[in-house]
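What the coordinates show
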Amino acid sequence: RNFESIEQISDLVAQIHALRTPHLLVAIDHEGGRVQRFHEGFTRLPPAAVYQNIFKQSEDKGRECTEIAGWIMAAELRAIGVDFSFAPVLDLAHGVSGVIGDRAFHSKPEVVSTLAYAFMRGMLSAGMHAVGKHFPGHGGVVEDSHHALPVDNRSFDIILRQDLVPFERMIRNHLSAIMPAHVIYDQVDDKPAGYSSFWLQTVLRERLNFHGVIFSDDLTMEAACIAGGYPERAEQALAAGCDMVLVCNHPDGAAEVLDHLNDYSNPASQMRLMRMHGKEGVSREELLASYRWKQATEMIKLPDENPWYEMDI
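Every value quoted in this text rests on a predicted model; they were computed, and no experiment measured them. (Residues numbered from 1 in each chain as written. Predicted model: local features only at pLDDT ≥ 70, side-chain atom pairs only at ≥ 80, totals over all residues. Heavy atoms only, no water.)

**A look at the overall build of the chain**
A tally of helices and strands in the chain yields 12 helices and 10 strands. A compact globule built from 313 residues would reach a C-alpha radius of gyration of about 20 Å, and the chain, at 19 Å, matches this within 12%. Projected onto its principal axes, the C-alpha positions of the chain cover 50 × 45 × 30 Å. Looking at the chain as a whole, 54% of its 313 residues are labelled buried. (Helix = DSSP H or I, 4+ residues; strand = E, 2+ residues; numbered from the N terminus. Rg over C-alpha atoms; globule rule 2.2 N^0.38 Å. Buried < 20%, exposed > 50% of the residue type's maximum accessible area, 1.4 Å probe, protein only.)

Structure follows, in structure tokens:
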């Protein structure tokens, strides 16, 4: 929200990285569509849902376009020093969640898995790790967890056969990090997934054999309030199995958490988090001058400029 220029962001990231070694991680929500934080000077990326129409007409073309989008997103962010983006979304488009909506690749878990893997391949080729969200799936509830506490009444078996499939397949393909949902699955546990050791330990770590980073979703969201104040929210998320907690929209709350966790240490989490550092990439000047970037941005034009993107969702 305080974005002014490419130079401002680049300088800010460089100053943050210079504070310590290994450097602090800098991350952003930059998926494309409605969730793209930087605009001026960055390629405007379509929402994930548009790739399903390309995929429907040509599976090869769908995978190619999705991989290119992942590469552009990651390459442009790495060129200003940002380590990673919280993407891609692995939720299914069940047609009931407005907050997910066109952020989901498809309603079918197999297609979501295919396109999300292509997007991750693009990110990795630009030197950026991927973060799959919102485990075990936010697409089956109407409520927006930013403003309410959603409750999903489906059974574990249904979630396992549907929403968990993209997470399982991406984990097998070496997904680096996952973000759980602030959603209660009341047939499974009485806590939101981000505060649930059942979801994060029993299912994610043990059943799905996930060894990467677990980031909490933003603890300033309304659904996170069930745990109490900001220190209590952070404590419960960490106790459930999160490696890092996010306090994104409340500076005073973030300060409370930092003070409360002053003596906190988890060497295993630190080792996992160190893997999230961005790989060395090209400078912004080199990127914008490259044939690959020019070709990619031409291919990934917005829906009103490219007939491939006629949406059917």
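**Regarding helix α8 (residues 230-240)**
Tyr 230, Pro 231, Arg 233, Ala 234, Ala 237, Leu 238 and Ala 240 are the residues of α8 that are buried. Lining the buried residues of α8 we find α7 (197-207), β9 (213-218), β10 (244-246) and α9 (251-260). Two residues or fewer past α8, Gly 241 is found with a positive phi of approximately 135°. (Contact = heavy atoms within 4.5 Å.)

**Examining the environment of Leu 261**
Structurally, Leu 261 is set in the loop between α9 and α10 (267-274). Non-local contacts of Leu 261, meaning those with residues more than four positions away in its chain, are made with Ala 234 and Leu 238.

**Thoughts on the pattern of salt bridges**
Note that side chains of opposite charge can pair when their charged atoms are close. Scanning all chains against the criterion turns up 13 salt bridges. Between Lys 133 and Asp 29 there is a salt bridge; the shortest N-O distance is 3.0 Å. With Lys 133 in strand β5 (residues 131-135) and Asp 29 in the loop between β1 (27-28) and β2 (30-32), the pair connects residues that are 104 residues apart, well separated along the chain. Glu 67 serves as the salt-bridge partner of Arg 121, at 3.4 Å between the closest nitrogen and oxygen. Here Arg 121 is found in helix α4 (residues 109-125), whereas its partner Glu 67 is found in helix α3 (residues 59-78), with 54 residues between them in sequence. For Arg 121, a relative accessible area of 40% puts it in the partly exposed group. (Salt bridge = Lys/Arg side-chain N within 4 Å of Asp/Glu carboxyl O.)

**Examining the sheet that holds β9**
Strand order in the open sheet formed by 4 strands is β5-β7-β9-β10, and the pairing between neighbours is parallel. The sheet terminates laterally at β5 and β10, the two strands that pair on one side only. Between one strand axis and the next, the sheet turns through 25° on average, direction left out of account. (Pairing = 2+ DSSP bridges. Axes fitted to C-alpha atoms, helices over the stretch in contact; angles between N-to-C directions.)

**A closer look at the nonpolar core**
Nonpolar side chains in soluble globular proteins tend to be buried together. One finds Tyr 51, Phe 135, Trp 199, Leu 204 and Phe 215 to be the most contacted residues of the largest nonpolar core, which totals 89 residues. When residues of this core are assigned to their parent elements, the largest contribution, 9 residues, is made by α3. Contacts of Trp 199, omitting those with residues within four sequence positions, involve Phe 135, Pro 136, Phe 156, Ile 159, Leu 164, Tyr 185, Val 188, Asp 189, Ala 193 and Leu 204. (Core = buried A, V, L, I, M, F, W, Y, C linked by side-chain atoms within 4.5 Å.)

**Things to note about the packing of α3 against α4**
Two numbers describe how α3 lies on α4: the axes approach to 7 Å, and their chain directions differ by 40°. In terms of orientation, α3 lies oblique with respect to α4. Crossing hand, α3 versus α4: right-handed. Mapping the contact onto sequence places Gly 62, Arg 63, Thr 66, Glu 67, Ala 69, Gly 70, Trp 71, Met 73 and Ala 74 in α3 and Thr 114, Leu 115, Ala 118, Phe 119, Arg 121, Gly 122, Met 123 and Ser 125 in α4. In the contact of α3 with α4, the residues fall into 8 nonpolar, 6 polar and 3 charged. (Parallel < 35°, antiparallel > 145°, perpendicular 65-115°, else oblique. Left-handed = near helix turned anticlockwise from the far one by under 90°. Nonpolar A, V, L, I, M, F, W, Y, C, P; charged D, E, K, R; others polar.)

**So, the pairing of strand β7 (residues 177-180)**
Burial along β7 is two-sided: the residues Ala 177 and Met 179 and Ile 178 and Pro 180 are all buried. Here 4 bridges tie β5 to β7, and the two strands are oriented parallel to one another. Following the sheet pairing, Gly 132 is matched in β7 by Ile 178. Here β7 pairs with β9 via 2 bridges, running parallel.

**Here we look at the pairing of β9**
With 6 of its 6 residues buried, β9 lies for the most part within the structure. In this sheet, β10 lies alongside β9 in parallel orientation, the contact comprising 2 bridges. What sits directly across from Asp 218, in β10, is Leu 246. Traced from β9 through α8 to β10, the parallel crossover comes out right-handed. (Right-handed = clockwise from strand over helix to strand, strands pointing away.)

**As for the packing of aromatic side chains**
This model, assessed by the stated rule, comprises 14 aromatic pairs. The interplanar angle of 85° and the centroid separation of 5.3 Å between the aromatic rings of Phe 135 and Phe 167 together place this pair among those described as edge-to-face. With Phe 135 in strand β5 and Phe 167 in helix α6 (residues 164-172), this residue pair connects regions lying 32 residues apart in the sequence. Like Phe 167, Phe 135 is buried. Cluster of aromatic residues (ring-pair linked, three or more members): Phe 135, Phe 156, Phe 167, Tyr 185, Phe 198 and Trp 199. Here Arg 284 stacks its cationic end above the ring of Phe 42, 5.7 Å away from the centre of that ring. (Phe/Tyr/Trp six-rings, centres within 6.5 Å; stacked < 30°, edge-to-face > 60°. Lys NZ or Arg CZ within 6 Å of the ring centre and 35° of its normal.)

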